[in-house]
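Each chain, letter by letter, is given below.
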Amino acid sequence: MNWRFTASGSVTETYAVGLLRNMLEIPSASYHEGDLADYLVDAMTDLGFQAHIDEVGNVIGVLERGDGPTVMLLGHMDTVSGVLPVRPIDGRLYGRGAVDAKGPLAAMICAAAGAVDFRGRIVVIGVVEEETPRSRGAMAIRANHERPDALIIGEPSGWSSVVLGYKGKLDLRYTVRCPATHPSNPEPKASELAVACWTALVELLGPDAGHGVFDQPGATLCQLNADLTTATVELSVRIPPGFDVEALVRALRDRLPSGRLEVLNSVAACRVGRADPVVRAVASGIRRLHAQPRLVVKTATSDMNTLAEVWDIPMATYGPGDSSLDHSDDEHIMLSDYKRGIDVLTIAISELAHLPVHSGHPKGVGR
């Protein structure tokens, strides 16, 4: 028997924890995912995947298990900057990416390898640059591969929760230049115009706007560099389903007496229903582990948004880990939750084998 697997075909706990710890030991801030990608190709190959790195740096692993649907599990390899010491303490594993999102990605790899009852094609992808405005990895997947029959996005939901959707995001940059003048001159200064841009955005979004409510937009002033003559302000708006982005941009431009307002990035909100087959499959896995599944929506944005813009297929987001620890200096994952997450995903994959097949083999995935 291969030491990586138990007699039943599932990945051993020792191997699963070792895989995650090795992933955490490899720094992979956005734009620097190459070392982790190389490691994952070797690890996935050892688990039986056909694995390769695509033209933008994504890791793609494929398991061919007979005729049936194609189920894709997609997580991201990159983390925010900053290295945290990797250490196990009292059943917790600390390290940058433990929650966001190496824990969910490692769980997906282990679950796919252990889903021996699944008949069909399993594709596990670790994408690059999810933590950046452009989401280049997910954009390349949606551009270069045919849609699968079902999709699970790997982000921390908590092992007993399923994410139905995310707010969208609008990223803006306002730049303005003014003639040099004395501070006491009543003419508007560049710094004042930049502040006025932020004030106008908040007013346009209305008094109910905020990040704590899924159905309302919420704004963030991300960066402000300004003096009397030049100013640049970067703004981000998290937007709910159905939000009119073009109307907001027009209205904001109308309020700016000078300068340039650019749309840097725009991705729509996404949300699936409770009866979505992927939601039901993951929820079934949670129930099989004797917990009541929680169905939630998130006020942030993920690669689920990017793929939902072009793929109208069953999908949901799931992964072990407490999302309140995202990007924090206390980032860690409970190893018990990580192991439960693997079991939930293994069950969910097996249940998705009953989906009807609508797609062919994705282009380039099975090289």
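See the structure printed just above.
Quick caveat: nothing in here was measured; it's all calculated off a predicted structure.

Observations regarding the overall build of the protein chain
No. 1: When its secondary structure is counted, the protein chain shows nine helices and 16 strands.
No. 2: The C-alpha radius of gyration of the protein chain comes to 22 Å, within 12% of the 21 Å expected for a compact globule of 367 residues.
No. 3: The dimensions of the protein chain, computed from C-alpha atoms along their principal axes, are 80 × 40 × 40 Å.
No. 4: Taking all 367 residues of the protein chain together, 54% fall into the buried category.
No. 5: A fraction of 79% describes how many contacts in the protein chain between residues 6 or more apart in sequence connect residues 24 or more apart.
No. 6: Accessible surface, the protein chain as shown: approximately 15700 Å² in total, 49% of it carbon and sulfur.

Some points on the side chain of Asn305
No. 1: With respect to the element layout, Asn305 can be found in helix 8 (residues 303-308).
No. 2: Within polar-contact distance, the side chain of Asn305 engages the backbone oxygen of Lys167 at 2.9 Å.
No. 3: There is a polar contact of 3.0 Å between the side chain of Asn305 and the backbone oxygen of Ala268.
No. 4: Not counting residues within four places of it along the chain, the set of residues in contact with Asn305 comprises Tyr166, Lys167, Gly168, Val267, Ala268, Ala269 and Cys270.

What to know about helix 1 (residues 13-25)
No. 1: Given a rise of 1.5 Å per residue, 13 residues ought to cover 18 Å, and the 18 Å separating the end C-alpha atoms of helix 1 matches this to within 8%.
No. 2: Tucked into the core, helix 1 has its buried residues touching helix 2 (34-46), strand 5 (92-94), helix 3 (102-114), strand 16 (332-334) and helix 9 (335-351).

Thoughts on the sheet that holds strand 12 (residues 260-267)
No. 1: One open sheet holds the four strands; their spatial order is 10-11-9-12, and the pairing between them is antiparallel. In this open sheet, the two strands that pair with only one neighbour each are strand 10 (218-226) and strand 12. Taking the axes of each pair of neighbouring strands and ignoring which way they run, one obtains an average angle of 15° across the sheet.
No. 2: Two strands pair when backbone bridges link them, and strand 10 and strand 11 (residues 230-239) are joined in this way by eight bridges, in the antiparallel orientation. Bridge pairing in strand 11 places Gly218 opposite Arg238.
No. 3: Strand contacts of helix 6 (residues 245-255): strand 9 (168-177), strand 11 and strand 12, with the helix running at about 165° to strand 12, the strand carrying the most contacts.

A word on the packing of helix 5 (residues 190-205) against helix 6
No. 1: Their axes nearest at 10 Å, the elements helix 5 and helix 6 cross at an angle of 135°. By the angle between their axes, helix 5 is oblique relative to helix 6. Relative to helix 6, helix 5 is oriented so that their crossing is right-handed. Mapping the contact onto sequence places Cys197, Ala200, Leu201, Glu203, Leu204 and Leu205 in helix 5 and Leu248, Ala251, Leu252 and Arg255 in helix 6.
No. 2: Of the residues assigned to the contact of helix 5 with helix 6, the class counts are eight nonpolar, no polar and two charged.

Examining the nonpolar core
No. 1: Of all hydrophobic cores here, the largest spans 85 residues; its most connected members are Val124 and Tyr338.
No. 2: Examining the composition of this core, we find that nine residues originate from one element, helix 3, more than from any other.
No. 3: The residues touching Val124, leaving out its near neighbours within four places in the chain, are Met44, Phe49, Val59, Ile60, Gly61, Leu73, Leu105, Met108, Ile109 and Ala112.

Considerations on the sheet that holds strand 4 (residues 87-89)
No. 1: In space, the three strands of this open sheet follow the order 4-5-16, with antiparallel pairing throughout. Edge positions in the open sheet fall to strand 4 and strand 16, since each of these has one partner strand only. Each adjacent strand pair in this sheet contributes to an overall mean axis angle of 25°, direction not counted.

Section: the packing of aromatic side chains
No. 1: Scanning the entire structure with this criterion turns up one aromatic pair.
No. 2: Across the ring face of Tyr94, the terminal group of Arg87 is positioned such that the distance to the ring centre comes to 4.5 Å.

Observations regarding helix 5
No. 1: Taking 1.5 Å per residue as the helical rise, helix 5 with its 16 residues ought to reach 22 Å, and the 23 Å between its terminal C-alpha atoms agrees with that figure.
No. 2: Within helix 5 the residues assigned to the buried category are Ala190, Leu193, Ala194, Cys197, Ala200, Leu201 and Leu205. Around the axis of helix 5, the buried residues are gathered within 125° of arc, so they sit on the same side.
No. 3: Phi turns positive, to about 95°, at Gly206, one or two residues after helix 5.

Re the pairing of strand 1 (residues 50-53)
No. 1: Relative to strand 2 (residues 59-65), strand 1 runs antiparallel, the two being bridged by four bridges. Note on strand 2: the bridge partner recorded for Ile53 is Val59.
No. 2: Counting the residues that bridge the hairpin from strand 1 to strand 2 gives five residues, and of these Gly57 lies at a positive phi of roughly 110°.

Some words on the state of the cysteines
No. 1: Under the definition given, this model contains zero disulfides.
No. 2: Considering cysteine sulfurs only, Cys197 is the nearest to Cys178, which forms no disulfide, with 13 Å between them.
No. 3: Cys222 provides the cysteine sulfur closest to Cys197, a residue in no disulfide bond, and the two sulfurs are 12 Å apart.

Quick notes on the rules
- Per-chain numbering applies: the sequence of each chain, read as written, is numbered from 1 onward.
- With the structure being a predicted model, the display of local features is reserved for residues of pLDDT at least 70 and the display and counting of side-chain atom pairs for 80 or more, all residues being used for whole-chain, interface and lining totals.
- Neither water nor hydrogens contribute to the side-chain values; these are computed over all heavy atoms in the structure.
- Runs of E in the DSSP output that reach at least two residues are strands. Runs of H or I that reach at least four are helices, and both are numbered from the N terminus.
- We compute the radius of gyration from the C-alpha atoms alone; for a globule the expected value is 2.2 Å times N to the 0.38, where N is the number of residues.
- Buried residues are those whose accessible area, probed at 1.4 Å on protein chains only, stays under 20% of the maximum for their type, while exposed residues exceed 50% and partly exposed ones sit between those limits.
- Whether two residues touch is decided by their heavy atoms; if any such pair falls within 4.5 Å, the residues are in contact.
- Computed by Shrake-Rupley with a 1.4 Å probe, the accessible areas treat only the displayed protein chains as cover when residues are assessed.
- A 3.5 Å cut-off defines polar contacts: any pair of N or O atoms within that distance qualifies, except that in protein one atom must be a possible hydrogen donor and the other a possible acceptor, and neighbouring residues in sequence count only when both atoms are side-chain atoms.
- The length a helix should cover is 1.5 Å for every residue beyond the first.
- Strand pairing is assigned whenever DSSP detects at least two bridges linking the two strands.
- Helix axes are fitted to C-alpha atoms over the stretch in contact, other axes to C-alpha atoms as well, and angles between N-to-C directions run from 0 to 180 degrees.
- The labels follow the angle: roughly parallel below 35 degrees, roughly antiparallel above 145, roughly perpendicular from 65 to 115, and oblique for the rest.
- Helix crossings get a hand from a simple test, with the near helix turned counterclockwise from the far one by less than a right angle marking a left-handed crossing and a clockwise turn marking a right-handed one.
- Note on residue categories: nonpolar means Ala, Val, Leu, Ile, Met, Phe, Trp, Tyr, Cys or Pro, charged means Asp, Glu, Lys or Arg, and polar means any other residue, Gly included.
- The definition of a nonpolar core used throughout is a set of buried Ala, Val, Leu, Ile, Met, Phe, Trp, Tyr and Cys residues joined through side-chain atoms within 4.5 Å.
- We call Phe, Tyr and Trp rings a pair once their centres come within 6.5 Å, taking the six-membered ring for Trp, and we label the pair stacked below 30 degrees between planes, edge-to-face above 60, and tilted otherwise.
- For a ring to carry a charge above it, either NZ of a lysine or CZ of an arginine must fall within 6 Å of the ring centroid while also lying within 35 degrees of the normal to the ring plane.
- Picture the helix axis, draw a direction to every C-beta atom, and the arc is the one those directions span.
- By disulfide we mean two sulfur atoms from cysteines, separated by a distance within 2.5 Å.

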